[in-house]
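The chain contents come next:
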Amino acid sequence: MSETEPPASDLAVTNCRVLQTSATSATSATGAMTVSAPMTIEIAGGMITEIHDRPTTTAATELDAAGRLAMPGLVNTHCHAAMTLFRGAAEDVSAESWFNDYVWPFEVNLEPHDVYLGTLLACAEMLLAGVTAFADMYFFADEAARAVQQSGIRAIIGPAFFSSQGKEARDGAFGLAETWNGAADGRITTAIAPHAPYTCTDEDLSAAADAARRLGVRVHIHAAETVEQTESSLASRGISPIEVLADTGVLDAGVIIGHGCGIRDADLQLLAPHAGRVGVAHCPKTYLKHAMHVLTPIAGLRDIGAAVGVGTDGPASCNSLDMFENTRLMALTQKQIKRDATWMNTGQALSILTEGGARVVGLGDECGRVEAGRRADLAIVDLSGAHNQPLHDELAALVYSARSSDVYATVVDGRIAALDGRVPGVDIDALIDEIKQRAPKLVDVSHGRRIQTYDP
């Protein structure tokens, strides 16, 4: 090979326009994003090695993306993946009833294999929709990790626990986080996942922070999910849920906060010193469905330098795992909240969807941009459909009209994990057949038990 000839690649994505990110988009007011002319993305060893416009490639495998757009793989920053099993089974009820009468009784029925099946279905759904990584919090986390390993997706696995389950369950969750961290050739990392300040004691939260520091991972927790939760904590304890996280060392350890709709201005001041290791997952479809009247304070969080990303929450509340849908809802509701049509423009929304999501889950240096030296996690999107035409503005199409079904291919760690409606690692038809057989038992609440009580 001559000195001027580029090294061989494992995979080349050719003829694609590339969604490119400005150097300051993660914190800038505009979230500057541009779309390039057709380029080739060279990939070797799971990394993007070069982006060029030469007419040829030396890659062993070529993925022709002519007429399509390559963007950073989407990161679902807060998910309970196995809850695909309960999709559509708890509708049009209050949040209190949703937990106490439906979901927490359903979860009494779960067996480990159910979590494997439900997570595998979620992995397939997300890969088909351009999601390359997700932060999960659920029970039987080893079964969730097994599904991740099989499907080819990337995940941050958080073994969930309640204090009511006792110290054995807590320590078991810590052990699973240690066992699986770095598995699947590094596609699986982990988090310590106490459910919430109202379901976990301060002692357990402090232990979670200690475990996270020891393992070098983050704590993934629901906190200040609603204004009502914050008000309840202030009334009963005199401090907010975010103050609880500060007092127990969780903020210092680094944290993925699920929802944060009840974060106050005073809480932002507590978060600011830890902003580099604080991420907040915004899941707007869930909030609208449960008629929540205050949403995540995205502007305030970005002002202090904290990462904000898009999440779906679990499919029992969100119904789908469509990140485009949730990004669109985020952009529209944020405009309405501010009563300012210029706020949350398309560049800002896409920055939160891509780089913001990677930062929330601790992958900000590896993912979130399409550039040399980053992990080769890509979503290849086809915007030729009638619902996107005429294509005056590709950024606007991605935010306001694109659908998860517009994703043509998904690349994770340099491997094609989904292509043209197929997921090589998952027999989706057989999987759905097995889930259908188990579904009636899973939503049976005649036993009259529940795993926890919603009374924040």
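Residues numbered from 1 in each chain as written. Predicted model: local features only at pLDDT ≥ 70, side-chain atom pairs only at ≥ 80, totals over all residues. Heavy atoms only, no water.

Mind showing me how you'd approach the overall build of the protein chain here?
The secondary structure content of the protein chain amounts to 16 helices and 17 strands. What you see for the protein chain is a C-alpha radius of gyration of 21 Å, in line with the 23 Å of a compact globule of 456 residues. Relative to its 456 residues, the protein chain shows a buried fraction of 59%. At a minimum sequence separation of 6, the contacts of the protein chain that also span at least 24 residues come to 75%. Counting only carbon and sulfur atoms, one obtains 49% of the accessible surface of the protein chain, whose full area is about 16,900 Å². (Helix = DSSP H or I, 4+ residues; strand = E, 2+ residues; numbered from the N terminus. Rg over C-alpha atoms; globule rule 2.2 N^0.38 Å. Buried < 20%, exposed > 50% of the residue type's maximum accessible area, 1.4 Å probe, protein only. Contact = heavy atoms within 4.5 Å. Areas by Shrake-Rupley, 256 points an atom, 1.4 Å probe, with all protein chains shown as cover.)

What's the story with the pattern of salt bridges in this structure? I'm lost.
Between side chains of opposite charge, pairing is possible as soon as their charged atoms come close. The tally for this structure, following the rule as stated, stands at 26 salt bridges. Residue aspartate 377 is joined to arginine 154 by a salt bridge in which the shortest nitrogen-to-oxygen separation is 2.8 Å. Here aspartate 377 is found in the loop between helix H14 (346–360) and strand S15 (378–381), whereas its partner arginine 154 is found in strand S9 (residues 154–161), with 223 residues between them in sequence. Exposure remark for aspartate 377: the relative accessible area of 5% places this residue in the buried category. When salt bridges with common partners are traced through the structure, they connect Arg154, Arg375, Asp377, Asp413 and Arg415 into a single cluster. (Salt bridge = Lys/Arg side-chain N within 4 Å of Asp/Glu carboxyl O.)

Even after reading the chapter, I still don't get the packing of helix H2 (residues 112–128) against helix H3 (residues 141–151), so can you show me in this structure?
Relative orientation and spacing of two packed helices are given, respectively, by the angle between their axes and the distance between those axes. Contact pair H2 / H3: the axes reach a minimum separation of 8 Å and the direction vectors enclose 35 degrees. H3 is crossed by H2, and the crossing has right-handed handedness. Touching Pro112, His113, Val115, Tyr116, Thr119, Leu120, Cys123 and Leu127 of H2 are Glu143, Ala144, Arg146, Ala147, Val148, Gln150 and Ser151, all from H3. A per-class count over the contact of H2 with H3 returns nine nonpolar, four polar and two charged. (Axes fitted to C-alpha atoms, helices over the stretch in contact; angles between N-to-C directions. Left-handed = near helix turned anticlockwise from the far one by under 90°. Nonpolar A, V, L, I, M, F, W, Y, C, P; charged D, E, K, R; others polar.)

Got a minute to help me understand the pairing of S15 in this structure?
Within a regular strand, side chains alternate between the sheet's two faces. On S15, burial covers both faces: Leu378 and Ile380 on one face and Ala379 and Val381 on the other are all buried. With four bridges joining them, strand S6 (residues 69–72) and S15 adopt antiparallel strand pairing. In the strand pairing of S15, methionine 71 is matched with alanine 379. (Pairing = 2+ DSSP bridges.)

Explain H3 to me, please; I cannot follow it from the model alone.
Note on helix geometry: an α-helix contains 3.6 residues per turn, so any two residues three or four positions apart are oriented the same way. All of the buried residues in H3 are Ala141, Glu143, Ala144, Ala145, Ala147, Val148 and Ser151. Taken together, the buried residues of H3 touch H2, strand S8 (131–138), S9, helix H4 (167–180) and strand S10 (188–194).

How do you make sense of the layout of surface pockets when you look at a structure like this?
To find leftover empty space, one rolls a probe the size of a water molecule over the atoms. In this structure, the largest pocket encloses a volume near 490 Å³. In terms of lining residues, the largest pocket is bounded by 33 residues, among which Trp98, Phe99, Glu225, His259 and Asp313 are the most central. At the level of secondary structure, the elements contributing two or more residues to the lining of the largest pocket comprise helix H1 (95–106), S8, helix H6 (227–237) and helix H10 (284–289). Take the lining of the largest pocket: its biggest share by element is five residues, from H1. The class makeup of the residues in the lining of the largest pocket is 18 nonpolar, eleven polar and four charged. In this model, the second largest pocket occupies a volume close to 270 Å³. (1 Å grid on protein atoms, 1.4 Å probe; cavity = no way out; pocket = protein on both sides within 12 Å on 5 of 7 lines; lining within 4 Å. Points joined across faces, edges and corners; volume = space filled by probe spheres on them.)

I tried to follow the environment of alanine 147 on my own but got confused; where do I start?
Relative to the assigned elements, alanine 147 resides in helix H3. C-alpha separation for the pair alanine 147 and alanine 124, spaced 23 residues apart in sequence, amounts to 9.7 Å. If sequence neighbours within four positions are ignored, alanine 147 has contacts with Tyr116, Thr119, Leu120 and Cys123.

What should I look at first to understand the sheet that holds strand S13 (residues 278–282) in this one?
If you trace the eight strands from one edge of the open sheet to the other, you get S7-S8-S9-S10-S11-S12-S13-S14, paired in parallel fashion. Strands with a single pairing partner mark the edges of an open sheet, and in this sheet they are strand S7 (74–79) and strand S14 (307–310). Pairwise comparison of adjacent strand axes, ignoring direction, gives a mean angle of 25 degrees for this sheet. Where strand S12 (residues 255–259) meets S13, four bridges bridge the pair, whose relative direction is parallel.

What should I look at first to understand helix H5 (residues 202–215) in this one?
Taking 1.5 Å of rise per residue, 14 residues should cover 20 Å, and H5 covers 20 Å from first to last C-alpha, within 8% of that figure. Listed in full, the buried residues belonging to H5 are Asp204, Leu205, Ala207, Ala208, Ala209, Ala211, Ala212 and Leu215. The inward-facing, buried residues of H5 abut S9, H4, S10, strand S11 (218–223), helix H7 (241–247) and helix H8 (250–253). Phi for glycine 216, located one or two positions after H5, is positive at around 70 degrees. (Expected span 1.5 Å × (residues − 1).)

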